[in-house]
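Summary of the model geometry
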Amino acid sequence: MESSKMERIIIYANAVCNLRCKKCAEYIPYIASNPPYYRSEQLKKALYEYFRIVSHVKMITLTGGEPFLSENTGILAEYLAGFQEQYDKLEIMTNGTLLPDERLLRACTKNKKTLIFINHYGALSPKAEAVSELCEHAGVRSILRTYYGKDAHCGGWFDLGLLSGERLTSENDLKDRFQHCLCGNNPRLGLSFGLYGGKLFACSMSGIVERLGLLDEPSAYVDLCDDRLSYEQKSERIDALRRSEYLPACAVCRGNDARAENNHFAAAEQLS
């Protein structure tokens, strides 16, 4: 089956953050009044089912929100250590505002496949250097990624336009958008599957579109925690998603079109 190997999965530990960024790719400020809560036991069950289906994935990204705000991050880092033979790299993202708790740091120290990505937003990331130093002393690999000033990574952020009110309806336009999207359909990384609680979406942005109430389409995801579905049925549904010429979320998500110009903005500008 096609689903036996994957390029990438993004796991969402939480949906809260201590920053309020205008162009947040996860749209956290816009769900702040009613953020979903992902139970660690639900996420662990979903990952257990995932690794029954997927024999190997190159990259796992653990993110949020701000994942250092959630105890799920340490719990999941510990749990994922038990599947080390089935992935190449575990990335954990942070905004440089907090230090990792002891549980998380201990799990990272024991798992040499872990890499902590510290996104440095200048004055908004007062603990960025401290996180980097703590990782160095603990023997945990980390990367300090500059997102401010003239050397900002990738020239800043881009706008996915989910709240613009625009909606594509032409099938040809949807296929074109999906084909050229560097978010969900990256030519190097392939589809970036996203795990939200028990739901596995073929593109992580599809989960955000659903979370914003812009999409209610059961065919857009596989519920890995649904015991009514057999292993074979879950695997077949994942394969069907991977064969899609476009995804329902493409109607409202601009993605990151490699052909677009001047679509970048200063990172981490705060809402008033």
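In short, a report on the structure. (Residues numbered from 1 in each chain as written. Predicted model: local features only at pLDDT ≥ 70, side-chain atom pairs only at ≥ 80, totals over all residues. Heavy atoms only, no water.)

Attention now goes to the pattern of salt bridges. Overall, the coordinates contain 13 salt bridges when judged by the stated rule. Of the charged contacts in the structure, one is a salt bridge between Glu41 and Lys44, with a shortest N-O distance of 3.6 Å. With Glu41 and Lys44 both in helix H1 (residues 40–53) and three residues apart, this pair spans about one turn of that helix. A relative accessible area of 49% means that Glu41 is categorised as partly exposed. As a salt-bridge pair, Asp227 and Lys45 come within 2.9 Å of each other at their nearest N and O atoms. (Salt bridge = Lys/Arg side-chain N within 4 Å of Asp/Glu carboxyl O. Helix = DSSP H or I, 4+ residues; strand = E, 2+ residues; numbered from the N terminus. Buried < 20%, exposed > 50% of the residue type's maximum accessible area, 1.4 Å probe, protein only.)

Among the eight residues of strand E2 (residues 56–63), six are classified as buried, and the element is accordingly described as predominantly covered. In this sheet, E2 lies alongside strand E1 (residues 5–12) in parallel orientation, the contact comprising seven bridges. Each residue of the ladder has a partner; that of Arg8, found in E2, is Met59. For the segment spanning E1, H1 and E2, crossover handedness is right-handed. Inspection of the sheet shows E2 paired to strand E3 (residues 87–94) by five bridges, in the parallel sense. Bridge pairing in E3 places Thr61 opposite Glu91. Following the chain from E2 across helix H2 (residues 71–80) to the adjacent parallel E3, one finds a crossover that is right-handed. (Pairing = 2+ DSSP bridges. Right-handed = clockwise from strand over helix to strand, strands pointing away.)

A few words on the side chain of Asn119. Its place among the elements puts Asn119 in strand E4 (residues 114–120). Polar contacts involving the side chain of Asn119 include one to the side chain of Arg145, which spans 2.9 Å. Not counting the four nearest positions on each side in its chain, Asn119 is found in contact with Met93, Thr94, Asn95, Gly96, Ser125, Arg145 and Tyr147. (Polar contact = N/O pair within 3.5 Å; in protein donor to acceptor, adjacent residues only side chain to side chain. Contact = heavy atoms within 4.5 Å.)

With respect to the helices, strands and loops of the structure, Ser206 is situated in helix H6 (residues 204–211). Here Ser206 falls in the buried class, since its relative accessible area comes to 2%. Contacts of Ser206, omitting those with residues within four sequence positions, involve Phe201, Leu215, Leu247 and Ala249.

Quick look at the environment of Tyr87 now. Considering the arrangement of structural elements, one finds Tyr87 in strand E3. Beyond its immediate sequence surroundings of up to four residues, Tyr87 is in contact with Phe51, His56, Val57, Ile60, Leu80, Ala81, Asn111 and Lys113. At a separation of 2.9 Å, a polar atom in the side chain of Tyr87 contacts the main-chain carbonyl oxygen of Leu80.

Let's shift gears to the state of the cysteines. For the structure on display, the rule yields zero disulfides. Just so you know, Cys21 is unpaired, no disulfide at all, and the nearest cysteine sulfur is the one on Cys24, 6.1 Å from it. (Disulfide = S-S within 2.5 Å.)

Moving on, we come to the pairing of strand E5 (residues 141–146). Here E4 runs beside E5; their pairing, made up of six bridges, is parallel. Paired with His120 across the bridge in E5 is Thr146. One crossover worth recording links E4 to the parallel E5 by way of helix H4 (residues 128–138), and it is right-handed.

By the definition in use, this model includes 11 aromatic pairs. Judged by centre distance (5.1 Å) and plane angle (80 degrees), the rings of Tyr50 and Phe51 are edge-to-face. Note on accessibility: Tyr50 and Phe51 belong to one class, buried. Linked through ring pairs, Tyr12, Tyr38, Tyr196, Phe201 and Tyr221 together constitute an aromatic cluster. Cation over ring: Lys23 sits above Phe265, and NZ or CZ is 4.5 Å from the ring centre. (Phe/Tyr/Trp six-rings, centres within 6.5 Å; stacked < 30°, edge-to-face > 60°. Lys NZ or Arg CZ within 6 Å of the ring centre and 35° of its normal.)

Before going further, it helps to spend a moment on the packing of H1 against helix H7 (residues 231–242). In contact at an axis separation of 10 Å, H1 and H7 are set at 80 degrees when each is read in the N-to-C sense. By the angle between their axes, H1 is roughly perpendicular relative to H7. Taken together, the residues of H7 that come into contact with H1 (itself represented by Glu49, Arg52 and Ile53) are Tyr231, Lys234, Ser235 and Ile238. Looking at side-chain class alone, the contact of H1 with H7 contains three nonpolar, one polar and three charged residues. (Axes fitted to C-alpha atoms, helices over the stretch in contact; angles between N-to-C directions. Parallel < 35°, antiparallel > 145°, perpendicular 65-115°, else oblique. Nonpolar A, V, L, I, M, F, W, Y, C, P; charged D, E, K, R; others polar.)

Moving on, we come to H2. Quick reminder: α-helices carry 3.6 residues per turn. Residues three or four places apart thus point the same way. Counting buried residues along H2, seven of its 10 residues qualify, which places the element largely inside the surrounding structure. Every buried residue of H2 is accounted for by Asn72, Thr73, Gly74, Ile75, Leu76, Ala77 and Leu80. Capping of H2 at its N-terminal end is provided by Ser70; its side-chain oxygen lies 3.0 Å from the backbone amide nitrogen of Asn72.

Interpretation in functional terms is not warranted from these geometric data alone.
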